[in-house]
Amino acid sequence: MISLKSKNEISLMAESAKRLKAVFRELKKNVRAGVTTGEIDEKAEELIRNQKTKSAFKGYRGYPACACISPNDVVVHGIPSKNCRLDVGDIVSVDMGLIYEGYYSDAARTWSLGNVTSEAQNLIQVARKAFYVGMAEMQIGNRIGDMSHAIQSYVESCGFSVVRDFVGHGIGRALHEDPQVPNFGTPGRGPKLEVGMVLAIEPMVVAGKHEVDILKDSWTVVTRDRKLAAHYEDTVAFTEKGPVNLTGPQEYSDFEAPED
Ligand code: MF3
Ligand code: CO
């Protein structure tokens, strides 16, 4: 069942998202060569606390950390570790979610550390652009499949692949709600988009083949061919004025006074 959110609920989600953006902005300064992913997660925990919010991830199905930190061939759900030290030439995805007044927000970014290969840089850009290609399909009359197809077509036209085993999702009073938002699919299929839907759109783009494996820790998702992966995610509300990217770069004030 897809839950549609009221304007008031979307305002609360926008506040959750605003705080998540603040956490990302500060955390980014700590993501550099020489630090461990465990240290980055400690910082994330502190920043989340300072925002008077809770991590949406810690404890979720037993997940042990505040952030998912996924370097290089790790696609998503990398568990932060004191033994995993980032180095120049790495790319790394950081995925975090917050709970504010019972409302969730969810976002991910992939960053490069120092000079990386042009393919790695391109992969990061394609994941980000794929998100916007998907968001542009959030229009009255469209279906989820239109977004899914647009994302897949764009990514494949760049010579990369989209992961099939993990998908985006509705979000609201839970981290994962209906509908699923795949990064692959057929135009005209899936649920119709409606005002009040809030979706976490999250292209997972890989340099090689789409297949992934889950490591023995039962969380870490790696590409089967061990080629690079990039992840971009934002929480987007579908309002009467069209899609609003709650965790995206636009200013919160754009959304502060929704009209009744
Ligand atoms: N951000 C991830 C998603 O969109 C959730 C991470 S799963 C967790 O599905 F266990 F780490 F919370
Ligand atoms: Co998500």
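Residues numbered from 1 in each chain as written. Chains lettered and ligands numbered in written order. Predicted model: local features only at pLDDT ≥ 70, side-chain atom pairs only at ≥ 80, totals over all residues. Heavy atoms only, no water.

Focus: the nonpolar core
Stage number 1. With 29 residues, the main nonpolar core has Met138, Met147, Val155, Leu193, Leu199 and Ile201 as its most contacted residues.
Stage number 2. Tallying contributions element by element places helix H3 (residues 118-135) first for this core, with eight residues.
Stage number 3. Within the second largest apolar cluster, 21 residues are counted, among which are Leu20, Phe24, Val92 and Trp111. (Core = buried A, V, L, I, M, F, W, Y, C linked by side-chain atoms within 4.5 Å. Buried < 20%, exposed > 50% of the residue type's maximum accessible area, 1.4 Å probe, protein only. Helix = DSSP H or I, 4+ residues; strand = E, 2+ residues; numbered from the N terminus.)

Examining the side chain of aspartate 146
Stage number 1. Of note, aspartate 146 is situated in helix H4 (residues 144-157).
Stage number 2. Although aspartate 146 lies buried, it forms no salt bridge, and the closest oppositely charged side chain, arginine 143, sits 6.2 Å away as judged by the N-O distance.
Stage number 3. Side-chain polar atoms of aspartate 146 contact the backbone nitrogen of arginine 143, separated by 2.7 Å.
Stage number 4. Within the local environment of aspartate 146, its side chain forms a polar contact with the backbone nitrogen of glycine 188, the two atoms lying 3.0 Å apart.
Stage number 5. Excluding its chain neighbours within four sequence positions, the residues that come into contact with aspartate 146 are Glu137, Thr186, Pro187 and Gly188. (Lys, Arg positive; Asp, Glu negative; His and termini not counted. Salt bridge = Lys/Arg side-chain N within 4 Å of Asp/Glu carboxyl O. Polar contact = N/O pair within 3.5 Å; in protein donor to acceptor, adjacent residues only side chain to side chain. Contact = heavy atoms within 4.5 Å.)

Here we look at the packing of H3 against H4
Stage number 1. Two numbers describe how H3 lies on H4: the axes approach to 8 Å, and their chain directions differ by 150°. Between H3 and H4, the angle is such that the two are roughly antiparallel. Classified by chirality, the crossing of H4 by H3 is right-handed. For the pair H3 and H4, the contacting residues are Val126, Lys129, Ala130, Val133 and Gly134 in the first and Met147, Ala150, Ile151, Tyr154 and Val155 in the second.
Stage number 2. A class-by-class count of the residues in the contact of H3 with H4 yields eight nonpolar, one polar and one charged. (Axes fitted to C-alpha atoms, helices over the stretch in contact; angles between N-to-C directions. Parallel < 35°, antiparallel > 145°, perpendicular 65-115°, else oblique. Left-handed = near helix turned anticlockwise from the far one by under 90°. Nonpolar A, V, L, I, M, F, W, Y, C, P; charged D, E, K, R; others polar.)

Quick word on H3
Stage number 1. A rise of 1.5 Å per residue sets the reference length of H3, with its 18 residues, at 26 Å; its end C-alpha atoms lie 26 Å apart and thus fit the reference within 8%.
Stage number 2. Residues of H3 that are buried include every one of Ala120, Leu123, Ile124, Val126, Ala127, Ala130, Phe131, Gly134 and Met135, and no others. (Expected span 1.5 Å × (residues − 1).)

Topic: the packing of aromatic side chains
Stage number 1. Considering all chains together, one arrives at five aromatic pairs under this definition.
Stage number 2. Summarising the aromatic geometry, the rings of phenylalanine 24 and tryptophan 111 are spaced 6.3 Å apart at their centres and angled 70° between planes, so their arrangement reads as edge-to-face. Of this pair, phenylalanine 24 sits in helix H1 (residues 7-28) while tryptophan 111 sits in strand S5 (residues 103-112), and the two are 87 residues apart along the sequence.
Stage number 3. Phenylalanine 24 sits in the buried class, given a relative accessible area of 9%.
Stage number 4. With relative accessibility at 13%, the residue tryptophan 111 sits in the buried group.
Stage number 5. Relative to tyrosine 232, the ring of tyrosine 132 has its centre 6.4 Å away and its plane inclined at 45°; by these criteria the two rings are tilted. Of this pair, tyrosine 132 sits in helix H3 while tyrosine 232 sits in the loop between strand S13 (229-231) and strand S14 (234-239), and the two are 100 residues apart along the sequence.
Stage number 6. Relative accessible area serves as the criterion here: at 29%, tyrosine 132 is assigned to the partly exposed category.
Stage number 7. The ring of phenylalanine 24 is capped by arginine 109, whose NZ or CZ atom sits 6.0 Å from the centre of that ring.
Stage number 8. Taking the ring centre of phenylalanine 184 as reference, the NZ or CZ of arginine 164 above it sits at 5.4 Å. (Phe/Tyr/Trp six-rings, centres within 6.5 Å; stacked < 30°, edge-to-face > 60°. Lys NZ or Arg CZ within 6 Å of the ring centre and 35° of its normal.)

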